[in-house]
Structures are given as C-alpha cells and as structure tokens.
Amino acid sequence: QVQLVESGGGLVQAGGSLRLSCAASRSIFSITTMGWYRQTPGKQRELVAVITSGGSTNYGDSVKGRFTISRDNAKNTMYLQMDSLKPEDTAVYHCNAHNIRGLAEFDYWGQGTQVTVSS
C-alpha cells in the first residue's frame, strides 16, 4: 500500500512553468513504474509521462520536449517539470504508482492537483 499526495499545481500564464511533486508514504525505490496522468471534464484520463524504477521515461506526444519527469528515491518523491505551458495543458494532474509483484499488479492514485494555463 502507498499513499500519494500531489502538490505544485496552480494558475500560470501560457509560456510559463510549473513543477509538480508527488510525495509517497513509503519508499518508491522498488515501485515498477510511476507516472503522471491528466484529466479534463468529459475526456478520458491521458498519459503525460511515466518513469520506471530503472529511470527509463516515456512521454505523451503532446508534452514531448516540454515536460520532464524525474524521481528522487531518497525523498520518496516524483516530479514533473512543465515548461512552455499551453492553455490545452489545463487539467487535473494525477500521480500514479504501478507496481508488479509476481503475477499481481497494483495501482495507486493521488487525489490530483489542478493546473490552469491562461492564454
């Protein structure tokens, strides 16, 4: 079991930057994959970025080159640096921890943090 708490959201002008944090209640060192997803009303949850326990990353097409995901295992925290923000990045951003143990898979979600980008 792991609890996730996001922070760092807010209101920013287009072209600006924000850094989101996801603090975990226990060590994230061995968690298979951690990631950020976002959701707007009426749309499906969208992959933003994921990072594996080995440090490999993958990004959604709409954020490639603008967002950077990272994890600090010593602080049990994952980050999302968001640069060159656009109004279409406006969404609730959720932190996810996906863990695989043998044949079992576990998913944990944070409550989300609102990001609003004004034009």
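Residues numbered from 1 in each chain as written. Predicted model: local features only at pLDDT ≥ 70, side-chain atom pairs only at ≥ 80, totals over all residues. Heavy atoms only, no water.

A.B. asks: I tried to follow unusual backbone geometry on my own but got confused; where do I start?
C.D. replies: With the exception of glycine, most residues fall at negative phi, and the peptide bonds are largely trans. We note that asparagine 76 has phi near 55°; this positive angle belongs to a residue other than glycine. With respect to the secondary-structure elements, asparagine 76 resides in the loop between β7 (67-72) and β8 (77-82). (Helix = DSSP H or I, 4+ residues; strand = E, 2+ residues; numbered from the N terminus.)

A.B. asks: I keep staring at the side chain of serine 21 and nothing clicks. Help me out?
C.D. replies: Within the fold, serine 21 resides in strand β3 (residues 18-24). Look at serine 21 and you get buried, because its relative accessible area is 16%. (Buried < 20%, exposed > 50% of the residue type's maximum accessible area, 1.4 Å probe, protein only.)

A.B. asks: Explanation requested: the state of the cysteines in the structure shown.
C.D. replies: Among covalent bonds in proteins, the disulfide is the one between the sulfur atoms of two cysteines. Using the criterion set out here, one finds one disulfide in the structure. Two residues, cysteine 22 and cysteine 95, share a disulfide whose sulfurs are 1.9 Å apart. Disulfide cysteine 22 to cysteine 95: torsion about the S-S bond roughly -65°, handedness left-handed. You can see cysteine 22 sitting in strand β3 and its partner cysteine 95 sitting in strand β9 (residues 91-101), a full 73 residues away along the chain. You'll find cysteine 22 and cysteine 95 in the same group, each marked buried. (Disulfide = S-S within 2.5 Å.)

A.B. asks: What exactly am I supposed to notice about the sheet that holds β3 here?
C.D. replies: On the basis of which strands lie adjacent, the open sheet formed by four strands has the order β1-β3-β8-β7 and antiparallel pairing. Single-partner strands in this sheet number two, and they are β1 (4-7) and β7. Adjacent strand axes in the sheet meet at a mean angle of 15° when their direction is disregarded. Summarising the sheet, β3 and β8 pair through six bridges and their orientation is antiparallel. Within β8, the residue paired with leucine 18 across the bridge is methionine 82. (Pairing = 2+ DSSP bridges. Axes fitted to C-alpha atoms, helices over the stretch in contact; angles between N-to-C directions.)

A.B. asks: Can you walk me through the pattern of salt bridges in this structure?
C.D. replies: Between side chains of opposite charge, pairing is possible as soon as their charged atoms come close. Scanning the entire structure with this criterion turns up four salt bridges. Its salt-bridge partner being arginine 38, residue glutamate 46 comes within 2.9 Å of it at the nearest N-O pair. What makes arginine 38 buried here is its relative accessible area of 5%. The shortest N-O distance in the salt bridge between arginine 66 and aspartate 89 comes to 2.8 Å. Here arginine 66 is found in the loop between β6 (57-59) and β7, whereas its partner aspartate 89 is found in the loop between β8 and β9, with 23 residues between them in sequence. The pair arginine 66 / aspartate 89 is uniform in exposure class, with both members buried. (Salt bridge = Lys/Arg side-chain N within 4 Å of Asp/Glu carboxyl O.)

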